[in-house]
Structures are given as structure tokens and as C-alpha cells.
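Structural description and commentary
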Amino acid sequence: MEFETKAIHVGQEPDKTTGATITPIYQTSTYTQEALGKHKGYEYSRSGNPTRTALEAALASLENGKYGLCFASGLAATSTVLCLLKAGDEVVTGNDLYGGTVRLFNKVFSNFNIKFTYVDGTDPKNFEAAITPKTKLIWLETPTNPLLRLSDINTVSQIAKTKNIIMAVDNTFASPYFQKPLDLGVDIVVHSTTKYIGGHSDVIGGAAITNNSELYTQIKFYQNAVGAVPGAFDSWLLLRGIKTLAVRMKKHAENAMAIAEFLEKHPKVKKVNYPGLKSHPQHELAKKQMSGFGGMISFEIKGGKEEAKKIVESTKLFALAESLGGVESLIGHPVTMTHAEVPQEHKDKLGITDNLIRLSVGIEDINDLMGDLKQALG
Ligand code: P1T
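Thresholds, definitions, all that
- Residues numbered from 1 in each chain as written.
- Predicted model: local features only at pLDDT ≥ 70, side-chain atom pairs only at ≥ 80, totals over all residues.
- Heavy atoms only, no water.
- Helix = DSSP H or I, 4+ residues; strand = E, 2+ residues; numbered from the N terminus.
- Rg over C-alpha atoms; globule rule 2.2 N^0.38 Å.
- Buried < 20%, exposed > 50% of the residue type's maximum accessible area, 1.4 Å probe, protein only.
- Contact = heavy atoms within 4.5 Å.
- Areas by Shrake-Rupley, 256 points an atom, 1.4 Å probe, with all protein chains shown as cover.
- Polar contact = N/O pair within 3.5 Å; in protein donor to acceptor, adjacent residues only side chain to side chain.
- Axes fitted to C-alpha atoms, helices over the stretch in contact; angles between N-to-C directions.
- Left-handed = near helix turned anticlockwise from the far one by under 90°.
- Nonpolar A, V, L, I, M, F, W, Y, C, P; charged D, E, K, R; others polar.
- Near = heavy atom within 4 Å.
- Domains from an automatic or database assignment.
- Phe/Tyr/Trp six-rings, centres within 6.5 Å; stacked < 30°, edge-to-face > 60°.
- Pairing = 2+ DSSP bridges.
- Buried area = accessible area lost by both parts, 1.4 Å probe.
- Salt bridge = Lys/Arg side-chain N within 4 Å of Asp/Glu carboxyl O.

Per the secondary structure count, the chain includes 14 helices and twelve strands. The C-alpha atoms of the chain give 21 Å as radius of gyration, which agrees with the globular expectation for 378 residues (21 Å, within 12%). By its C-alpha atoms, the chain is 75 × 50 × 35 Å across when sized along the principal axes. The buried share of the chain, reckoned over its 378 residues, is 56%. Looking at the chain alone, contacts between residues at least 24 apart form 72% of all its contacts between residues at least 6 apart. Carbon together with sulfur atoms contributes 54% to the accessible area of the chain, which is approximately 16,100 Å² in total.

Structure below.
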């Protein structure tokens, strides 16, 4: 079955009891047992809920995975995956990550004596060099938030395999439509389903997908033991969102390409980060491991914070907001918004600068979007 068909049908067969074509919202916390221990596979909705089950099956199939697990947010998914670790373990991670992930690593899991080593993820050798006998997990985001840098997923996962290290990739920016890390040798794919998978900026959610039955069993145990699960209605919204993921992603990417090319030529723009541009230092890798370049762009304007502030405050269609991946276009200033919590020296080292602006390009008409950016850039 192809991606578009799986998104609409896998896990979403007509309801067995009523024939309802669309998966019902099983808004229940508990399930009545016919006799002690005799039930239809559900006992309590933290452990399992039929609407969530449908979403988990659909998401797993979109990533070419066997097992899907859903969570209350992207960070809940990441936190639950990190429960695979024990005090004393080490994680080698790409250094360009969503600010909330950096905060979770540095200010929460570090307290439990887990060490995070940040490396420049654009060169696989850096991961290899940072591995110690205590390394249990390699974590990366690709493309990264907010600089749209790439890591060579297949090469890094080979390194992880030879050293018996679990490898996880946050695939939020590409979505499974454009990138399938499990096919490239990764053990666990993580998503903030809040973004492209939901697609309408109306739900917070997360997911972890794997082909490894042992990892699945462990993460499923932590999903229930930790309890950061999504509710039935949120699961239903996500199911509704993924039905159109393919058509949305095509339009996001088409609009983003046109905008990236426009920005690259604009006299007030210093640099554009978009993997679809020939000028992107990893454009060849992007073509190799992605089937499209997504809807996220970041760019540096000539000037500093004042100039950036003026632009992000003067767009009319692009809403000044955190988040990404919805049908509507958003504009943001990573230094003060999504990456405010990343330590200053970490930001300086990466180049998350005061003049950096991030766009989540929506699926509106391209001329309207272009017109909005033109007037805002002046
Ligand atoms: O917000 P939440 O659903 O918990 O997802 C966290 C998360 C994880 N991974 C990536 C790559 C992300 O971009 C995010 C959330 N990001 C934003 C809110 C943002 O505006 O970048």
C-alpha cells in the first residue's frame, strides 16, 4: 500500500461494533470486564485506548515501522524514550535541536546523572569520536531546528550499530512523507505530532516508532508507567490530520522552495537555510535521504535584533507564533522564542543569531505569501 492510502486506511477500518467509517472517539477512561480478567483487550485508557491504537497503527505504517506509541506531546515522547537510560549512561547528540529538547536534556535528565555530549551533527565522524563505553544512545534531529542542517542518517546509524548503541531520530521537520529514518537504519523515530502530522495547529502530541520488538516492549512499558499519553480526542484530531499529510506536505514544500528562492535574491537577506536550495551545504545529502525538502526555512537578515523584530512584527499573513507545521504560515525569532532556553554560548557556537528569522511556510496561495514577505521586508 502506498503512503497516501496507508494514511487514510491503516488502523482505520470501519468500527467493528457500529460500522462507523471514521474511527470513533472512545472517550472513556475504563472498560467493563465480562468476568475477572476477561476483557476485549482494553482495561484502562492510560494503558490503551482504541482511538489511540488506531493512531499508533497508522503512524507506524507511515514510517515503515512495526510499532507505534503515542504521547501527550513531542517532549513527552522524547522523555519516555529517555527512560530507556540509567544513571551513568551517556548520550551523544547533534547540537542543533529544538530548544525544549536541549532544556529537557540539560535541566531534567542531567539531574539523573545522564550525560549529554553535543557534537556538530553535520559530520558523522563527530558522533564516532564522542562515543565512550558509557554511550547508550545517539540522538539527532535532521533537518535541525532552527538552522535546517542535516545529519547523514545512514552513516550515523551504521556507527551506532557497530557499537551496539540505540539510535533515535527526531523526524518532526521532514515528516514521514519526506524522510523515513527507520529505512535508513535508525532504531527509534520520534515526532512532535503537534506539527505536520496534526497539521492544523489545534493539538499537542508526540510519537515514537520502531521496528525493534524489544525496544517497543520497553517503551510501551514506560508509556504506561510514566503515563504521558494523549487523550482520545487528541488522538482523533491527529488521525484526521494524517489523512491529508501527503497533499499538505507537497504544497508546504512547493511554497517553501519558491519562498527560499525569493529570499535568497532579496537585498536585505544575508543567508537562507533551506535544504532544497543548491546553496545549502548539504543539498546533495538532502536529495539522497529525503524525498522532498519540507516547509521550514530560516534566514539571516542584514542587521541585528531590531531589524529582525521589525520584520517579524510586520507580516500580516505569517502569524508571529511558536510552533510549525500547520496549514497557516508562521514567523518566529528563534533567539527570543523557540530557542530562548538554549545557553547563550551554545547558540553563539551554532550561529543561532539575533538576525535569524524562522518561517513555517503554510499552504496558502504562494502569491499572497510572497506579497506579505515583500511588504514586511520593505
Ligand atoms: O511541542 P512538543 O509537541 O512537545 O514537541 C517538541 C518538539 C520536538 N521536536 C522538534 C523538532 C520540535 O520542533 C518540537 C517543538 N517545536 C516547537 C514548538 C517550535 O516552535 O519549534
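Having seen the model, we can carry on.
Note that Asp-170 resides in strand S5 (residues 166-170). Within polar-contact distance, the side chain of Asp-170 engages the side chain of Thr-172 at 2.5 Å. Excluding its chain neighbours within four sequence positions, the residues that come into contact with Asp-170 are Trp-139, Leu-140, Glu-141, Thr-142 and Val-190.

Okay, the packing of helix H2 (residues 50-62) against helix H9 (residues 232-242) next. Closest axis-to-axis distance for the H2/H9 pair is 8 Å, and the angle between their directions is 35°. Every pair of crossing elements has a handedness; the one defined by H2 and H9 is left-handed. In this structure, H2 uses Thr-51, Arg-52, Ala-54, Leu-55, Ala-58, Leu-59 and Leu-62 to contact H9, whose residues at the interface are Ala-232, Ser-235, Trp-236, Leu-238, Leu-239 and Ile-242. Along the lines of polarity and charge, the residues of the contact of H2 with H9 split into ten nonpolar, two polar and one charged.

A few words now on the site of the ligand. Taken together, 17 residues lie near the ligand, and Asp-170, Ser-192, Thr-194, Ser-323 and Arg-358 sit nearest. One of the backbone N or O atoms of Gly-74 is found 2.9 Å from an oxygen atom in the ligand. Contact distances for the ligand include 2.9 Å between an oxygen atom and a side-chain N or O atom of Asn-145. In the complex, the protein chains occlude 93% of the 480 Å² of accessible area that the ligand would expose alone. Here the residues of the shell around the ligand are counted per class, giving three nonpolar, nine polar and five charged. Each of domain 1 (3-242) and domain 2 (245-377) contributes no fewer than three residues to the shell around the ligand.

Right, let's get into the environment of Gln-33. Within the element layout of this structure, Gln-33 appears in the loop between helix H1 (3-9) and H2. Judged by relative accessible area, Gln-33 falls into the partly exposed class, the value being 32%. With residues up to four places along the chain from it excluded, the contact list for Gln-33 reads Lys-38, His-39 and Glu-43. A polar atom in the side chain of Gln-33 sits 3.0 Å from the backbone nitrogen of Gly-37.

Overall, the coordinates contain ten aromatic pairs when judged by the stated rule. On the numbers, 5.5 Å between centres and 35° between planes, the contact of Tyr-31 with Tyr-42 is tilted. Of this pair, Tyr-31 sits in the loop between H1 and H2 while Tyr-42 is found in the loop between H1 and H2, placing the two residues eleven residues apart along the sequence. A residue is classified by how much of its surface remains accessible, and Tyr-31, at 15% relative accessible area, is buried. An angle of 75° between the planes, with centres 5.3 Å apart, marks the rings of Phe-221 and Tyr-222 as edge-to-face. Among the aromatic residues, ring-to-ring pairing joins Phe-3, Tyr-177 and Phe-178 into one connected group.

With that settled, the discussion passes to the sheet that holds strand S1 (residues 67-71). The strand order across the open sheet formed by seven strands is S1-S7-S6-S5-S4-S2-S3, and the pairing between neighbours is mixed. Across the chains shown, the open sheet's two edge strands, defined by having one partner strand only, are S1 and strand S3 (115-119). Between one strand axis and the next, the sheet turns through 20° on average, direction left out of account. With five bridges connecting them, S1 and strand S7 (residues 206-210) associate as antiparallel partners. When the sheet's bridge partners are listed, Gly-68 is paired in S7 with Ile-209. Along the sheet face, helix H3 (residues 74-82) touches S1, S3, strand S4 (135-141), strand S6 (188-192) and S7 and points at about 150° away from the line of S6. Strands in contact with helix H8 (residues 213-226) are S1, S5, S6 and S7; relative to S1, the strand with the most contacts, it is inclined by about 20°.

By the assigned domains, the chain splits into domain 1 (3-242) and domain 2 (245-377). Contact residues are listed per partner, giving 44 residues for domain 1 and 42 residues for domain 2. Of the roughly 3,500 Å² buried between domain 1 and domain 2 on both sides combined, carbon and sulfur atoms contribute 60%. Our count for the domain 1 to domain 2 interface comes out at three salt bridges. The shortest N-O distance in the salt bridge between Glu-341 and Lys-107 comes to 3.7 Å. Those elements giving two or more residues to the side of domain 1 that touches domain 2 turn out to be H1, helix H4 (99-107), helix H7 (175-178) and H9. If one sorts the elements of the side of domain 1 that touches domain 2 by residue count, H4 sits on top with six residues. Residue composition of the side of domain 1 that touches domain 2, grouped by class: 21 nonpolar, 16 polar and seven charged.

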